[in-house]
Structures are given as structure tokens and as C-alpha cells.
Protein chains: 4
Amino acid sequence: MSHNSFGHLFRVTTFGESHGVAIGCVVDGCPPGIPLSEADIQHDLDRRRPGQSRFTTQRREPDRVRIVSGVFEDDRTPGPVTTGTPIGLMIDNEDQRSKDYAEIRDAYRPGHADLTYDLKYGLRDYRGGGRSSARETAMRVAAGAIARKVVPGLRVRGGLVQMGPLTIDRARWDWDEVERNAFFSPDAEAAARFEAELDAARKRGSSLGAVIEVVAEGVPPGLGAPIYAKLDADIAAALMSINAVKGVEIGEGFASAALSGQENADEMRAGNDGITFLSNHAGGILGGISTGQPVVARFAVKPTSSILSPRRTVDRFGAEREVVTKGRHDPCVGIRAVPVGEAMLACVIADHYLRQRAQVTPAPHWPFPR
Amino acid sequence: MSHNSFGHLFRVTTFGESHGVAIGCVVDGCPPGIPLSEADIQHDLDRRRPGQSRFTTQRREPDRVRIVSGVFEDDRTPGPVTTGTPIGLMIDNEDQRSKDYAEIRDAYRPGHADLTYDLKYGLRDYRGGGRSSARETAMRVAAGAIARKVVPGLRVRGGLVQMGPLTIDRARWDWDEVERNAFFSPDAEAAARFEAELDAARKRGSSLGAVIEVVAEGVPPGLGAPIYAKLDADIAAALMSINAVKGVEIGEGFASAALSGQENADEMRAGNDGITFLSNHAGGILGGISTGQPVVARFAVKPTSSILSPRRTVDRFGAEREVVTKGRHDPCVGIRAVPVGEAMLACVIADHYLRQRAQVTPAPHWPFPR
Amino acid sequence: MSHNSFGHLFRVTTFGESHGVAIGCVVDGCPPGIPLSEADIQHDLDRRRPGQSRFTTQRREPDRVRIVSGVFEDDRTPGPVTTGTPIGLMIDNEDQRSKDYAEIRDAYRPGHADLTYDLKYGLRDYRGGGRSSARETAMRVAAGAIARKVVPGLRVRGGLVQMGPLTIDRARWDWDEVERNAFFSPDAEAAARFEAELDAARKRGSSLGAVIEVVAEGVPPGLGAPIYAKLDADIAAALMSINAVKGVEIGEGFASAALSGQENADEMRAGNDGITFLSNHAGGILGGISTGQPVVARFAVKPTSSILSPRRTVDRFGAEREVVTKGRHDPCVGIRAVPVGEAMLACVIADHYLRQRAQVTPAPHWPFPR
Amino acid sequence: MSHNSFGHLFRVTTFGESHGVAIGCVVDGCPPGIPLSEADIQHDLDRRRPGQSRFTTQRREPDRVRIVSGVFEDDRTPGPVTTGTPIGLMIDNEDQRSKDYAEIRDAYRPGHADLTYDLKYGLRDYRGGGRSSARETAMRVAAGAIARKVVPGLRVRGGLVQMGPLTIDRARWDWDEVERNAFFSPDAEAAARFEAELDAARKRGSSLGAVIEVVAEGVPPGLGAPIYAKLDADIAAALMSINAVKGVEIGEGFASAALSGQENADEMRAGNDGITFLSNHAGGILGGISTGQPVVARFAVKPTSSILSPRRTVDRFGAEREVVTKGRHDPCVGIRAVPVGEAMLACVIADHYLRQRAQVTPAPHWPFPR
């Protein structure tokens, strides 16, 4: 049991506060012999990095990752490879303007963890949100970059499908578009609407929520387990553990409640090399176990709680006050949650890939002989 | 790590198949000295028991629980009390009509775990769904009955708030009504509509999904943890692990994506003995840690996959077929999921209650002295 | 984390008290498709069963195990096989003479857990030692019988190498002899001496300790892990967790402290299909990882604390008293600890076998190509 | 589950290789509000640091620890205090002479993990032993320094009680002496003999083993648990996980096998504020649970495997060779294992202290009312 670890066999432990010396993580259980360089991880980190558009915080963090252990290179290896020992990752904090946060030292910002940290621990590192800052998610993205390499053939992608009240048109879904706009929107037209909406929200001193969809292709069938170690249960925990997330759904999700039994059933046909499903309402998971179809999950991110409009609150001495959150904040934290969601999904799948390998090797052959 | 365990300090491990000898569970880590009799558990089990209305399976299981360990009574104890050692619980299976399931021996029912068990394990106990049967949830309810007693002052209740396309009117919410109708609906008027809708679905050889809301009152502030051991992350895993669940949300949930930052902020005022919130969009959890407000979660249950309408599928030898699921099934598994959801929420809270006690004893006093 | 579980991927959870309804265990994570019947387990249980000679307790327990879940049989399986779901095992308690224990209700027997249970929990099930009774070890033996089947080619055997001050002559070691005498002694001549010594101890109202050696052959190389998941660290915990055990050693053990570096080094030569070691001071483990040599461990069992000689103690009210332990007790609990030690060693190896398969599949080929 | 973590509620995860950039660790679950500065940790590290006498490796590492997270200080705290979030610790590696190790790149040193790492992972970081270097134990000492502060009134000390064939005279035990000689010997006279013996061994190109005793005073009663989470089982794992350890014993340990039941019983009398034991053969633990007496454990360390005498071995290509280990090595690794053993014992006790607080708060009052 660990408060700051995730996964069992592919196990990620993070540490570090927003305004401390550094943030870091330890990835334990990674198989040996996987090519891994800092550049591999940096690529994913750069997608999450702040300050890349006017829609994300202007904090200037290069987020340069260093691998401090678990990788080895000599003339017999094809560049650096994992050794099977724990992979230590570090990112130094550079652009900490602690003075920006002096006013939240005592007051509890609504929607933030300020209050609950004090209720729980009796004290907190209030600088930039301390441990509750979204800065921690950089380490998730780093771990996810490794997880992606653990499962052969795995591809995990994500897109923002709703911002505030605006949704994308799924008929225009284009994965290539995701990397072309500042919103990770798979619908170029929606991206333009998102831009206008977010600018307007910012002008109002407000913020917006979002819904993100993450999709994993190439997930081997048989991952997950009945009952408590269901693949979807672990995905739910993984995505819900991301800052500001308030909901998670798999496949048809909440909409499935309104479907009939006939509509919801994903019918099957025999394909050339396995089963072909005629639909994927299940989101690639049946009974907690992957079917081989794409695993599809969505999660809802609440609007950023750090806003310029004054809100009523109390302080740590029990006095009533108003609070306005200045500083550098994302007006929609959901945007940068896209690569974070991808990373968490990749970590869950990597973990279950190793778990399945432990319990069932070799994998069963299907179809069974008559 | 365990495939069939849930929780860390209040740890539940279940075993048993639908048509085996018995189902059982082990509750480990329960504090000593808590009064606990079989009647305490039976009360909750009876709420989940099948065959109580025409809207649930007609399988006749008395679901009589036996406590086989972990409880002791002598002339110095006030009836049987927990000893702190593992509590073993058993329910014998009685009404197994295995012949009903002969036809699903080879064919994969769409929406069921039949296929994925075979893909994972290479074989399965197909009688009544084996381990993937909802019968396992009886043990969750039993464990939840114990969990409720672990946290002083805790009250966990649930209600069905949507069936198929029909929703309740929240203005008519009446907790007392929940126990009066066959749907656990807090809205009596909605219950009548649910009844008509479900009868119609059954006549069509179809089934309906549902959304359930569970609410925990009396949750001490400070439960949960930052990052991966967030209270809401564990709730998400707990609820998503229930059979047929496809979505989980906390507080405002998916709807929060469309709120503005101002709307979503739960403002605070100073009450006489603690903080008063002016709203509860957060569902009682901020930054993964309980605020002291009611913890509110909802989960979506897909329509029962066992339906009388023929569906296209394949069998274990790769041949294409049609399958119709006869036998005794709930036309809306969401109904009996209500006490199961309550139990899972209670288990998560009990677990975090013990975790918090481990790390922070005594609890911090708030407000802090000036 | 669990107080009553052992292992990670091959995970054993036990429950039940000496004089409760039953004892039981859940084995989670077992690979599917392994032939497993009650007879397989019963064979090992019978070796541990009480009442088989005058040197063990006269409690008459048939110790008949029932498999209540996790195993399935139909016309396509070669008898019952594991399904990959949790294996539930139960043994009903039959011969409980609770009245024998009335006198220890209040007094603390020296060397027993009576006192510490009260200090920890504030109450205890005192009937026959409750949860601290060696009766629990029946479930370890049952789980071990399954573990033995998980690792292909594994053979785990044990023998009693010291009783009281008497030791075996290792030159006379004969594995076949172990099953022929009442002491599990691999040295027939020592068995005769043990018999005389134990009869004398019993006549004096006393008891004897013992040292047991357990040996696992066919352990694949590469099991274990650096640092905290060392194979020997887990063996140490496993053996130390057996009732009355006060010491554990691997290979040369404590004697290695007096060897020189040259003596202790197990030199290596190239064999036809792998490495040949010229000695096995290491007990088959280097750096926490198995070498492929036999894994050799020993553990020391203290003399039975239940003796007929009066000892000074206090009771639960703080009053000083003397206590004599009547009832049915093994004069040397070390004897029946032999199959228990074997079982624990088998469980550890099975667990690490699955862990290794998770992280490193396929196993590296050695020697490496030039 | 984690290969490189130790403990459950006080959870230590280490990473880093001997010749990598740095070694580090994460301590998760530490209670908040505990004063903790780098100086607190450095004090313990300096006791383990290499190069302090001619009896330890001449590698010059300042072993300067940096706290990178989990500690906070402002004008309201009494210096830096823990926040309850993960404590990240880092020590940069400075004096890595990797060229010294070129010759062990291919050959397997007897007694080392070289071979088993290759058998397990198929590759290894051979520089200075990589992850299997005793350098990792610096992080254990650092974590132990924190653990000592978690349990109020806890005092953990250790001494070397045997080196090679030489033992101390327990009648001369003087804790103050431990810090005065280069061997952590509690017997000054023995320290002189150890010195001569170790000089002689070194001249012979050989090395010596050792036995270390660690003692924890102020351990609250009630720590540990029945069955698998026994306090002594966790101590056994903790000590056996230290490099080169081959045996662990509690209290009387292996010697208890030769005691009679009467001798071994620790009789009890009623003291003024609790129970007084007339002896401590049990080493402070009964039935896996602490009695309140000092917890006493011993562990055996094999002679250093890195010796200047040539030994026969094979290389990674299967060729037979001889190997001589040059470089900078401790001729008796047992010496520096003393502070490491103390640290591991402190970590286990801190972990169980939190576990007990979780399950049983408040602690039971003893004696019980009549």
C-alpha cells in the first residue's frame, strides 16, 4: 500500500512539490532490455509542458527529464536499455515564483485542496499548491512514456472532445489533427470554437471544464481480471486520480444506461485471425477483461478552480474572507490533461500486461481445437 | 496485489462461483471490539437477495450468511464482537440449476465475460457465469455491512436515479421511499414509471440500464490522500468493479465540464463547529481528500446482457451462431446494484478511515489557533 | 497489505480459529489449467495431521479439506483443474474440547501469545489459542500443496535435523527415511535418539525445541529480485511466520560468519547445459536471486510453551499466579513444523516464479552468444 | 507489490546504482509534523560512510543527503517538518572509478550477484556491482533515520558481536563503547582482537564474516500481528534483505532449539505500571506481537566475496576462468552492516507502529478492570 504509488507490477511512485527543489518518480518492475533514452520521455513531456500556447499557464518550465538509474549502455547494447532495476527520473524545478502564492498561505481557495490538506495533515506546503499542484502530472507522463514501450504494438492516443458546453463533431474525428491545434482536439472546426470560448471565459475571469477521450489500440486480449482487478476498475482509478477529474466512463459509459439490451450487445463474427465485433459499446472490456478491441475511456475535468473572480471562503483561523487567485494558471486544465490521461491509460495496460504474463503464460490459443 | 481483494487496511477478499458449493469472503484488518452478529449482515444481504419482486431473478437463494471466524463471545462481551482477526463469511449455494446453462457452454453471449474468460484463461466455469456472476456481489454487501460499523457515525444510502431513459425528479427525493418500492427509487412517482418501462422491456425480450446514486454522510474530513490514493480514485475503482458498471462520477461529475469556474466553486462560510459549504458540486472531496460534506457518487449500469432476443456471436471453435439467453435473469441488473454500490462505498470509506488513523493520529484541530 | 495474507502473485489468505466452526484459506493468482483435486491436498495435510504418533497432540482432527471454488471439471478437462479464479479451501473443526482451556481464559501462559493478543486487541478468543493456534498451519500446508504444482519440476522436501540438544549425522542423510519415522528425521539412527529424548522430556513435564532443514530442488535460476524482494528475504519471512520459529538461515547461515572468503566462495565450472558449482554455501541464492542450485534453508523452533511444569505469570487483572498448561499438546512442535516449512518454501518459490514470468519473459538464454 | 520497496504504511522505495548519477529513495506514509532536517539524516549516514577507517572501502563518498520533497518550513513551523507527502532523498555519486571494474564485465565473481543478474535479466550494470552494490544501503540508513523519529521513545542500537571465529564477551557489553571503535563492538577488548584478526585476513587476501546484534528499546506493546504480518517475520525479511546476510534470529534464536520448555519460558510478574518479565528469551516478541520488552535480533553476514585470492569461475560466454577482485572493498562487510541493521529494524517498527494505530486506536488499557 502506498499513497503515492500506482500499479502493481509496473509500479510508479512519484514525489515532489510544485515549488520544491525537484519532482521525481521511480518506475519499478519494468522489464529489462527495453531501449530507453531521455529523448523518448522528453517527447511526451513536451506535449504536456506549460507555456506552449496562451491557453496554458505561463510558468516557464523546460521540464527536462533526467534518468538517474535503471538504464545501462555499453558497446553490446543498442544504446541505453532498461536493466530491470528501478528507473529513477528527475525534473528540476526552475521557475518557482513563490511570492505569487503568499495570499493563499492562510485562505482556502474554493475547489482547491488547500482546506483538505489542512484538515488532514494540520499543515501544508502552500507554495504553488505544493503536492496537489498539477505539476506532479509531469511524472505521470514520463512514466507513461516508458509504459508505452512495455507492451508490444500498443498505441495510446487522446483528444479533447468537449470544452465547457461545446463538443466536437465525431464525424470529423481526425487523429492527425490532435497534434495540430492547441486543444488536442481531433476536430479542427471544434478547435476554433474552443479557442473563442476559452478567450471569452478568460476575459470574464472564469474558466472552463472539459471532457477527454483516450483510446488504446493494440491491447492484447485477456488483460484485466474478474472482480476487483478489472481492467476498467484500474482505469477508473487511474483517470480519477488526475487532478480535477470528476468522472470516468468506459465505452458507451453513462449513455449505456439508456440503451436497450439489444442495442448495447456487441455482436461477434468470426474473422480471419480472431473475432470481429460489429460494434464497441463495451469500450474493449467485458467482465473486466480486454477483448482485443480498442479500449476507450473518457474523463471529465472540472473548470479550473484558480479564477480571477472573487469567491467567498474562510481562512485557517476560521475567519470569513474573499479570495481571488492570481498567478499563472491554465484557464482550462483539461487541455493539458490529455497527455496525462494517455499516460495513465498506458500505465494501467502495461501493469496488466505483466500481470497477465505472470498468471497465464503462454497465452491460450483461440479458437480452441474442436 | 491480489486479483480478488479490495482495500488495503480494511481488506476484503472474495471467492466462489455462481454454481459451486458456496461463496465466501475474508475481511481482514477490521478493528477489534465491534459488535457483529450474523443478523447485522443478513439485514443488508436481504436487500440484495434475488427473487424478492418480479423485477429480479427468480433464483431462490436464501443467502444465509455464516460467520466462521473473527468473532468471539463470552460472558464479558456484549454479544459477539470482532476480535481483530480475519472475519470469514460463507453463503452456501442452494438453488443451482446448472442444466439451464448448457447452451452457453460453447457460445459466447454478447456483453458477457464468456469470451474474455476463455481468451484469458483458456477455460472457464460456465455454469451460471461462474466467477463473473453477479452472485459474487452478495459478499460485497456482507463486507459492506461490517464496513458501516467501522466508521462511527457513518451512514451510507443509495437510490436508483435513472432506469433506461427515465430519470427521477430530484425535487421529490425521499430517502424513506427507497425502501418502499421495488426499484430503490427515492422518487415514488418515478418508481411507477420504472415499473411500466421495465415490464415493457421484458415483454420485448429486452433489458434496461440504470444510474445509481450513493451518498455517504458522516464521513470524517481528511480521508483520502493526494495523488494515487485519492478517496475518489478508490471510489471510482470500487464502483467500476461492480458487474456491468460502465461509468462513475463524483459530485457534479460529467456535468461539471459544462460549468464555469464560478459556478463550480463551493464557497465556504464559518459555521459554529466547522466549515459550512454553500454547495456541494465537489461531492464531498477536494484534492482527493474528504471535506466533511456528504460524499456523493453515481454509477451507470449497462442493460442486462442476458436477453431473450437472439444475437449474433461465435463459439469457442470459431463458428458463427446465434445465441438467446434463457434462464433466470434480472431484466435490469441496476436495481440490485443499489445495495452493492452502497457496500462498496462503505468499504472504501472504512479503508481510508483506518489509513488516516495510521498516518495522522490525533486528527488536526481546526480552526488553528491564531 | 494484509495481516493474514502471504505472497504477492501466488497469494494465500487464511482465516479461522482453533475452536471456531472451521479454518479456511483463499489461494489467489494460481495459473489456470493445473490439475487439482482434494486428494492432492489431502496427501500433504495427512503428513501434518495431529494424532498420528504419541509425539504429537492427541486432538483427533481428520483435517478433511474441501475445495469450494476455483476448480472446474467437465468432459473436456482431465479431471478437476484450476480456473485461475480464487481457490477456496475449508476444513471443518471437529474435535474442539473447549473446556480444557477454561483455565487460560484469564492467565497468560509464558511463551504464548495470550498476553500479546490482549495487549494488542484488548480481547481474544482464548479457546485453544484461537487464531494463534498451530491449527492455522494446516491451511499453509494446503496452499503449499497447490504451490508445488505451479512450478514445473519443483521438488520441496524437509527433515528435522536437531531435536533439543541432539543433532543428526549428515553423513547418514537419507530422504527416504524421512517418511519412515515419527520425527521426519533423515537419519534413522538419530530418530531413535530423538524418541528417547522426547519421552524423557515429556516425563519431566517439559518440552523440546528443534531445527528443521527444507530443501527445494528444481528451482529455476533467476527467481527473486535485488534489494527488498530478495528470494531469501521472502523465505526468511515465510519461515519466521510459522508458530514458535525463532531463527532462519540460508545455506551456510550463521556458520558462514566464521568462514574465510575463500572457503565461502562457491566456485563455478562450465557444465554441459549450464553452470556447475563446486559447493553450495550460498544455499542456492546469490544477491537475492536463485542460481539454479538447490535452495537450502533451516529454521529453529523453540520448545513447546505448553508444559505441565508450573510457571509464574500474571493474569489479565494484573494479579500474579502460576499456570500449568494441561490439554493436548505436541511435546515438540518442531516435528509437525516440517511439512509446514516445506509448504512455506513452496509458496515463496511459486510466488517468485510468477513474478519472474511477469517481468522477464522469455527467460534469458545463457551462455550468451559471443 | 514492488521489488524495491519495503514496508507498508511507512514505505521505503530506493533506486540507483553504485556508479550511476545518484542513489535515492522515497519515504511514503510518514506522519506530518515531525521535525526533520538533512542534518538529522546525515548523522546516521556518517556512521555508515565508507573510508572512515582502514577496515572499510577506501572509496571516498561524502554521502551528502539532500531532501528534495516532503518537508516544509515557514515562520510557523519549528524548523523544517514533514508534511505527510512523500519524502524524496538523493545522494549524488561522486567517486566512481568505473575502470576498476572492467575485468568483471564478463566474468562472474563467486559469491556475487554477477551471475544471477545475468541469469535473471540477461544483462546488468556491472560497474561497481550496479544495483547489487552495498551502496544502496546508504538509503536504508537514511530512511531509518526518519523511522526512528516516527515512534515516540524508540531507541535502536546495534553492535558487532562476532567477527570471523571471534566473539565478544557479553559480560563486557558497553553501549558507549560501540561508537568508540572501528568495529561497532560493544566489547572494547574484543575490538582489539577483531583488529588483529582482520589485518591478518587482509594480508592473506581473504575476508571475514560477522554477526551483528540489533536491539530496539521503547517498542510499544501490541505491534505486529498474528500469522503472516508477525513483527518477527517482517524483521527477518528486513535483515535478510541486507547484502550478504545469510541468517536472522530473534531473542534466543537458534539456541532456543536446545533449551527446555521451562528454561525458555519468560516468566512474568506484576510491575507497578505493567508486566515485568524475568527473562527475555523471546526477544520481545510473542506470537508475532511485541511484548514491550526490548526487541532483540541478530543477523549473520558472510565474508566479503570480493577477495584478492584467485577463484575459479566461468564467464558470460560459458568459458572457464579465474577471477581476482581488485578494487576498493571492505574486508568485512559486516562492520558497516551495523547501522544498516539498526535502520532496517527501525523501519519495521515504524511500519508496525502505524499499522497498529490504524487497527487499534486507542490502545487497550491493561490490566483490564475486574
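Residues numbered from 1 in each chain as written. Chains lettered and ligands numbered in written order. Predicted model: local features only at pLDDT ≥ 70, side-chain atom pairs only at ≥ 80, totals over all residues. Heavy atoms only, no water.

Chemist: What is the right way to read the sheet that holds strand S2 (residues 11–15) of chain B from this model?
Modeler: The strands making up a sheet are joined through hydrogen bonds of the backbone, oriented either antiparallel or parallel. Residues and elements named next belong to chain B. Read across the sheet, five strands follow the order S1-S2-S3-S7-S4 without closing on themselves; strand pairing throughout is antiparallel. Every interior strand has two partners, whereas the edge strands, strand S1 (5–6) and strand S4 (65–67), have only one. Relative to strand S7 (residues 87–92), S4 runs antiparallel, the two sharing three bridges. Each bridged residue has a counterpart across the sheet, and for Ile67 the counterpart in S7 is Leu89. (Pairing = 2+ DSSP bridges. Helix = DSSP H or I, 4+ residues; strand = E, 2+ residues; numbered from the N terminus.)

Chemist: I tried to follow the relation of the copies chain C and chain B on my own but got confused; where do I start?
Modeler: There are two copies of the chain, and a rotation about an axis plus a shift along that axis relates them. Of the transformation placing chain C onto chain B, the axial shift is 0.0 Å and the rotation is 180 degrees, giving an RMSD of 0.0 Å. Within this description, the copies of the chain are treated as partners about a two-fold rotation axis. Here 100% of the interface residues in chain C have copies in chain B that are interface residues too; the copies meet face to matching face. (Least-squares fit on C-alpha atoms with pLDDT ≥ 70 in both. Contact = heavy atoms within 4.5 Å.)

Chemist: I tried to follow the confidence of the model for chain A on my own but got confused; where do I start?
Modeler: Low pLDDT means the predicted coordinates in that region are not meant to be read closely. Residue-level pLDDT values for chain A average 93, and 96% of them are 70 or greater. With a pTM of 0.97, the predicted complex shows an ipTM of 0.97. (pLDDT = per-residue confidence, 0-100.)

Chemist: Before we go on, may I ask you to explain the packing of helix H6 (residues 231–240) of chain B against helix H8 (residues 337–359) of chain B in this structure?
Modeler: Each pair of packed helices can be summarised by the angle the axes make with each other and by the distance between the axes. Residue and element names in this part refer to chain B. The interhelical angle for the contact between H6 and H8, taken along N-to-C directions, is 145 degrees, at an axis separation of 9 Å. Considering the relative orientation of H6 and H8, their crossing is right-handed. Taking contact as the criterion, the partners of Leu231, Asp234, Ile235, Ala238 and Leu239 in H6 are, on H8, Gly341, Met344, Leu345, Val348, His352 and Arg355. (Axes fitted to C-alpha atoms, helices over the stretch in contact; angles between N-to-C directions. Left-handed = near helix turned anticlockwise from the far one by under 90°.)

Chemist: What am I meant to see in helix H5 (residues 188–203) of chain C here?
Modeler: The α-helix advances 3.6 residues per turn, and as a result positions three or four apart in sequence lie on the same side. All names here are of chain C. Between its terminal C-alpha atoms H5 stretches 23 Å, which fits the 22 Å expected from 16 residues at 1.5 Å a residue. Of all the residues in H5, the buried ones are Ala190, Ala191, Phe194, Leu198, Asp199 and Ala201. Taking the backbone nitrogen of Glu189 as reference, a side-chain oxygen 3.0 Å away marks Asp187 as the first, capping residue of H5. Just past H5, the residue Gly205 takes up positive phi, approximately 70 degrees. (Expected span 1.5 Å × (residues − 1). Buried < 20%, exposed > 50% of the residue type's maximum accessible area, 1.4 Å probe, protein only. Polar contact = N/O pair within 3.5 Å; in protein donor to acceptor, adjacent residues only side chain to side chain.)

Chemist: Help me understand the relation of the copies chain B and chain A, please; the structure alone is not making it clear to me.
Modeler: Each copy of the sequence occupies a distinct position, and chain B is placed on chain A by a rotation of 180 degrees and an axial shift of 0.0 Å, giving an RMSD of 0.0 Å. Looking at the interface residues of chain B, 100% of them are also at the interface in chain A, so both copies use one shared face.

Chemist: Can you help me understand the environment of Val141 of chain B in this one?
Modeler: Residues and elements named next belong to chain B. For Val141, the position within the fold is in helix H3 (residues 137–150). The exposure class assigned to Val141 is buried, which follows from its relative accessible area of 1%. Linking Val141 and Glu342, residues 201 residues apart in sequence, is a C-alpha distance of 8.0 Å. Those residues in contact with Val141 that sit more than four places away from it in its chain are Asp44, Leu45, Arg48, Pro339, Val340 and Ala343.

Chemist: Teacher, can you tell me more about the pattern of salt bridges here?
Modeler: Pairing of side chains with opposite charge becomes possible as their charged atoms draw close. On inspection of all chains with the given rule, the structure shows 145 salt bridges over all chains. Taking the shortest distance from any N to any O, the salt bridge between Arg47 of chain B and Glu179 of chain B comes out at 2.8 Å. Of this pair, Arg47 of chain B sits in helix H1 (residues 38–48) while Glu179 of chain B is found in the loop between helix H4 (175–178) and helix H5 (188–203), placing the two residues 132 residues apart along the sequence. Put simply, Asp234 of chain C and Arg355 of chain C hold a salt bridge, and the shortest N to O gap is 3.5 Å. With a gap of 121 residues between them, Asp234 of chain C in helix H6 (residues 231–240) and Arg355 of chain C in helix H8 (residues 337–359) connect regions that are remote in the sequence. Comparing Asp234 of chain C with Arg355 of chain C, the two get one shared label, buried. (Salt bridge = Lys/Arg side-chain N within 4 Å of Asp/Glu carboxyl O.)

Chemist: What's the story with the interface of chain C and chain B in this structure? I'm lost.
Modeler: One widely used convention gives an interface's size as the accessible area the parts lose upon coming together. On the side of chain B, 49 residues touch chain C, which itself brings 49 residues to the contact. Of the roughly 3700 Å² buried at the junction of chain C and chain B (both faces included), carbon and sulfur atoms supply 59%. For the pair chain C and chain B, the interface holds four salt bridges. Ionic pairing is found between Asp106 of chain B and Arg76 of chain C, a salt bridge with its closest N-O pair at 2.7 Å. On the surface where chain C and chain B come into contact, there are 14 residue pairs in polar contact (both at pLDDT 80 or more). Within the residue set of the side of chain C that touches chain B, elements represented by two or more residues are strand S2 (11–15), strand S3 (22–28), strand S4 (65–67), strand S6 (81–82), strand S7 (87–92) and helix H2 (114–121) of chain C. Element by element, the count of residues in the side of chain C that touches chain B is highest for S2 of chain C, at four residues. Here the side of chain C that touches chain B is composed, by residue class, of 17 nonpolar, 18 polar and 14 charged. (Buried area = accessible area lost by both parts, 1.4 Å probe. Nonpolar A, V, L, I, M, F, W, Y, C, P; charged D, E, K, R; others polar.)

Chemist: Whenever I open this one, the interface of chain B and chain A confuses me. Can you help?
Modeler: Taken together, the contact between chain B and chain A spans 118 residues of the former and 118 residues of the latter. Of the roughly 9800 Å² buried where chain B meets chain A, counting both sides, 62% is carbon and sulfur surface. When the buried area of chain B at its contact with chain A is split by residue, Lys120, Tyr228 and Lys246 of chain B rank highest and sum to 9% of it. Counting across the interface, chain B meets chain A through six salt bridges. Between Glu267 of chain B and Arg312 of chain A there is a salt bridge whose closest N-O contact spans 3.1 Å. Linking chain B to chain A there are 51 residue pairs in polar contact (both at pLDDT 80 or more). Element by element, the count of residues in the side of chain B that touches chain A is highest for helix H2 (residues 114–121) of chain B, at seven residues. Among the residues making up the side of chain B that touches chain A, the classes are represented as 57 nonpolar, 37 polar and 24 charged. Across three bridges, strand S11 (residues 245–250) of chain A lies against strand S11 (residues 245–250) of chain B in antiparallel orientation. Within S11 of chain B, the residue paired with Glu249 of chain A across the bridge is Gly247 of chain B.

Chemist: Looking at this structure, how should I read the pairing of strand S2 (residues 11–15) of chain D?
Modeler: Looking down a regular strand, the side chains alternate between one sheet face and the other. Residue and element names in this part refer to chain D. The buried count for S2 comes to five of five residues, which makes it a mostly enclosed element. Both faces of S2 are covered, namely the face carrying Arg11, Thr13 and Phe15 and the face carrying Val12 and Thr14. The pairing of strand S1 (residues 5–6) with S2 spans two bridges and is antiparallel. Each bridged residue has a counterpart across the sheet, and for Ser5 the counterpart in S2 is Thr13. From the end of S1 to the start of S2, which pair antiparallel, there are four residues, and Gly7 there has a positive phi angle of about 90 degrees.

Chemist: How should the sheet that holds S2 of chain D be read in this particular structure?
Modeler: Sheet architecture is open: five strands sit in the order S1-S2-S3-S7-S4 (chain D), paired in antiparallel fashion. Looking along the sheet, the strands with just one partner apiece sit at the ends: S1 and strand S4 (65–67) of chain D.

Chemist: It is not clear to me how the pairing of strand S8 (residues 155–163) of chain A should be interpreted in this structure. Could you clarify?
Modeler: Residues and elements named next belong to chain A. Burial analysis of S8 places eight of its nine residues in the buried class, which makes it a mostly covered element. With eight bridges joining them, S8 and strand S10 (residues 210–217) adopt antiparallel strand pairing. When the sheet's bridge partners are listed, Gln162 is paired in S10 with Val211. Bridge count for S8 against strand S9 (residues 166–167) is two bridges, and the pairing is antiparallel. The residue of S9 that forms the bridge with Gln162 is Thr167. Following S8, the chain reverses through two residues before pairing antiparallel with S9; Gly164 in that reversal takes a positive phi of roughly 55 degrees.

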